[in-house]
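Chain by chain, the residues:
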Amino acid sequence: MKVANVLILTSVALASVHAMAAENPAIALVHGAFEDAHIWDGVSARLQADGYRVINVNLPGRPSAPMATNLVSGDVYRDTVLKAINGESKPVVLVGHSFGGIAISAVAEAAPAKVRTAVYLAAYLPQDGESMLSLAKQDRDSKAGPALKIDEAKGMVSVNYAARADLFANGAPEGLRKVLPDLIIDEPLAPIVTPLKLTAQRFGKVDKVYIHTAQDQVVSPYLQQKMVAATPVRLEFTLNTGHTPFLTDVPGLVSAIEKSAE
């Protein structure tokens, strides 16, 4: 009898989890420059435990998603995300970190009906004609510029190794600061410098949320506020972290993403 009761309770619990997952929107996570989809591992696990279907997008042109550098473009990044969400029957919540904000903006312009909410996490939030590079040049408080090395011959951008911990893991435990520099990868140049074509009729109609990072050394709080002032959003959250809250404040980040998805 006890075994039967346990089986019944287990079946009810599983049914509840499946029902919750069916009700919640899918969440697609898009990493930024110098990263790959593994940055989201901790966030994905918590979102899935809370009943969300999670889609981790790996942009091409990096070791985990190889592609010849001369073939990588902003359009390729856009189409990679579109392909990842194409099978979803309902609009998804798109979360973009840093440069990922450029990628999700391109998706919102191309297929606004597929996007329930675009969530910008310490991300570049562009207007028509802007690129990551043009926005970064407006960031008076960012410390990233001097640490970047552009190799035009190879079409790649890299981050000075000695500067990586301070840029991407300021405020993080020392153990994380020690391992993080080896996790940063080189990034194809073309998508970073390519301006976006955005319209009020498509991108402008997509629901938007911004998650600020108050201690950010890469996309500074100054630029984050400036971009939101230029492109208003429905909700704003602030995490007291540097540029990588998916490593330093997973609970806070997951809470903000889930509230964005409501």
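Describing the overall build of the protein chain
Reasoning step 1: Scanning the protein chain from terminus to terminus reveals 11 helices and nine strands.
Reasoning step 2: For the protein chain, whose C-alpha radius of gyration is 19 Å, the value lies close to the compact-globule estimate of 18 Å for 262 residues.
Reasoning step 3: Along the first, second and third principal axes, the C-alpha set of the protein chain runs to 70 × 45 × 35 Å.
Reasoning step 4: By residue count, 50% of the 262 residues in the protein chain fall in the buried class.

Things to note about the side chain of aspartate 216
Reasoning step 1: Considering the arrangement of structural elements, one finds aspartate 216 in the loop between strand S8 (208-213) and helix H9 (221-230).
Reasoning step 2: The buried charged residue aspartate 216 lacks any salt bridge partner; its closest oppositely charged side chain belongs to lysine 143, at an N-O distance of 11 Å.
Reasoning step 3: Polar contacts involving the side chain of aspartate 216 include one to the side chain of threonine 213, which spans 2.7 Å.
Reasoning step 4: Side-chain polar atoms of aspartate 216 contact the backbone nitrogen of valine 219, separated by 3.0 Å.
Reasoning step 5: Ignoring any residue separated from it by four or fewer positions in sequence, one finds aspartate 216 in contact with Ala122, Pro221, Gln224, Thr241, Gly242 and His243.

Quick word on helix H3 (residues 74-85)
Reasoning step 1: The end-to-end C-alpha distance of H3 is 17 Å, a good match for the 16 Å that 12 residues give at a rise of 1.5 Å each.
Reasoning step 2: Looking at the packing, one finds that the buried side of H3 touches strand S1 (27-30), strand S2 (54-57), strand S3 (92-97), helix H4 (100-110), strand S7 (187-188) and helix H8 (190-193).

Side note on helix H2 (residues 41-49)
Reasoning step 1: All of the buried residues in H2 are Val43, Ser44 and Leu47. Projected onto a plane normal to the axis of H2, the buried residues spread over an arc of 100 degrees and lie on a single side.
Reasoning step 2: At its buried positions, H2 is contacted by S1, S2, helix H10 (245-248) and helix H11 (250-260).
Reasoning step 3: After H2 finishes, the residue glycine 51 shows a positive phi value of roughly 95 degrees.

Observations regarding the side chain of aspartate 36
Reasoning step 1: Within the secondary structure layout, aspartate 36 lies in the loop between S1 and H2.
Reasoning step 2: Buried charge without a salt bridge: aspartate 36, with arginine 62 as the nearest opposite-charge side chain at an N-O distance of 6.9 Å.
Reasoning step 3: In this structure the side chain of aspartate 36 is engaged in a polar contact, spanning 3.1 Å, whose partner is the side chain of serine 64.
Reasoning step 4: Those residues in contact with aspartate 36 that lie beyond four places of it in its chain are His31, Asn58, Arg62, Ser64 and Ile185.

Cut-offs applied
- Residues numbered from 1 in each chain as written.
- Predicted model: local features only at pLDDT ≥ 70, side-chain atom pairs only at ≥ 80, totals over all residues.
- Heavy atoms only, no water.
- Helix = DSSP H or I, 4+ residues; strand = E, 2+ residues; numbered from the N terminus.
- Rg over C-alpha atoms; globule rule 2.2 N^0.38 Å.
- Buried < 20%, exposed > 50% of the residue type's maximum accessible area, 1.4 Å probe, protein only.
- Lys, Arg positive; Asp, Glu negative; His and termini not counted.
- Salt bridge = Lys/Arg side-chain N within 4 Å of Asp/Glu carboxyl O.
- Polar contact = N/O pair within 3.5 Å; in protein donor to acceptor, adjacent residues only side chain to side chain.
- Contact = heavy atoms within 4.5 Å.
- Expected span 1.5 Å × (residues − 1).
- Arc of directions from axis to C-beta.

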